[in-house]
Amino acid sequence: MLQVQLEVGADPAEVGRARRWARSRLAGSGIDADEPVAETLILLVSELVTNAVVHTGRPAVLRMVLPGESGIGEACPGTVRVEVADSSTRPPTPRHADGEETNGRGLELVDVLADRWGWRPEGAGKAIWCEIDRCAGANAPGSLLPSASVSA
């Protein structure tokens, strides 16, 4: 496993920089840009960094835990973890956006797209994390989209 991190400024424009950085780190770990998991992970990075910057107005740290070199070429190269730490002690509060609202969907998206997510106190603040299993049970090998159960 390889852990990488990026310090993100308190400016919402930093979200784009965080996405570009994450894309390059994914490629460096053997996750191709055209893999469904890559776009899912970039969306998760975007949501978590946006939440940290917008809701705290403070800098944050984006961390990713990626499969190491040994994961490249394996049928199931493991779990990818995205984590954003900020200096606010206020726990994340999932909201439900109605109709035309433009905010309030971030943690709902994280909940749907990630296999797991949560938060924990860290230092004088907190860290919000999510994980995607690259080999989820019903998914084809290499697919990073989480399995969804549909009831008829």
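Scroll up a little and you will see the structure.
What you see is a predicted model, and the numbers here were worked out from it, not measured in a lab.

A.B. asks: How would you sum up the side chain of Ser46? Please name residues and give values.
C.D. replies: Here Ser46 is to be found in helix α2 (residues 36-56). For Ser46, a relative accessible area of 11% corresponds to the buried category. Among the polar contacts listed, one links the side chain of Ser46 to the side chain of Arg19, at a separation of 2.9 Å. In this view, Ser46 contacts Val15 and Arg19; residues no more than four positions away in its chain are not counted.

A.B. asks: Break down the sheet that holds strand β4 (residues 116-122) for me, with residues and values.
C.D. replies: Reading across from one edge, β1-β2-β3-β5-β4 is the order of the 5 strands in this open sheet, with antiparallel pairing throughout. Sheet topology places β1 (2-8) and β4 at the edges, where each strand pairs with a single neighbour. Each strand of the sheet is rotated relative to its neighbour by a mean of 15°, with strand direction disregarded. Bridge count between strand β2 (residues 60-66) and strand β3 (residues 79-86): 6 bridges; the pairing is antiparallel. Residue pairing for β3: Val65 is matched across the bridge by Arg81.

A.B. asks: How would you summarise the packing of helix α1 (residues 14-28) against α2 if you had to cite specific residues and measurements?
C.D. replies: Between α1 and α2, whose axes approach to 9 Å, the crossing angle comes to 145°. For the pair α1 and α2, the crossing hand works out as right-handed. In contact with Val15, Ala18, Arg19, Ala22, Arg23 and Leu26 of α1, α2 contributes Ala38, Glu39, Leu41, Ile42, Val45, Ser46, Val49 and Thr50.

A.B. asks: Describe the pairing of strand β5 (residues 125-133), naming the residues involved and giving the relevant values.
C.D. replies: Here is the key point about a regular strand: its side chains alternate between the two faces of the sheet. Of all 9 residues that make up β5, 9 are buried, and the element is covered over most of its length. Relative to β5, β3 is paired through 8 bridges, and the arrangement is antiparallel. Note that in β5 the partner of Val84 across the bridge is Ile128. Sheet topology note: the β4/β5 ladder contains 7 bridges and is antiparallel. Counted as the bridge partner of Arg120 is Ala127 from β5. Between the antiparallel neighbours β4 and β5 lie 2 residues, among them Gly123 with a positive phi of about 55°.

A.B. asks: Explain the pattern of salt bridges to me, and be specific about the residues and the numbers.
C.D. replies: This model, assessed by the stated rule, comprises 11 salt bridges. Close ionic contact of Arg23 with Glu39 constitutes a salt bridge, the shortest N to O distance being 3.2 Å. With a gap of 16 residues between them, Arg23 in helix α1 and Glu39 in helix α2 connect regions that are remote in the sequence. Overall, the relative accessible area of 37% leaves Arg23 in the partly exposed class. In the salt-bridge network here, residues are joined through shared partners; they are Arg63, Arg81, Glu83, Arg116, Arg120, Glu122, Glu131 and Asp133.

A.B. asks: Explain the side chain of Glu83 to me, using residue names and the numbers behind them.
C.D. replies: In this fold, Glu83 is placed in strand β3. Every residue in contact with Glu83, bar those within four places of it in the chain, is listed here: Val61, Leu62, Arg63, Arg120, Glu122, Ala127, Ile128 and Trp129.

Calculation notes
Residues numbered from 1 in each chain as written. Predicted model: local features only at pLDDT ≥ 70, side-chain atom pairs only at ≥ 80, totals over all residues. Heavy atoms only, no water. Helix = DSSP H or I, 4+ residues; strand = E, 2+ residues; numbered from the N terminus. Buried < 20%, exposed > 50% of the residue type's maximum accessible area, 1.4 Å probe, protein only. Polar contact = N/O pair within 3.5 Å; in protein donor to acceptor, adjacent residues only side chain to side chain. Contact = heavy atoms within 4.5 Å. Pairing = 2+ DSSP bridges. Axes fitted to C-alpha atoms, helices over the stretch in contact; angles between N-to-C directions. Left-handed = near helix turned anticlockwise from the far one by under 90°. Salt bridge = Lys/Arg side-chain N within 4 Å of Asp/Glu carboxyl O.

In short, geometric facts, not functional conclusions.
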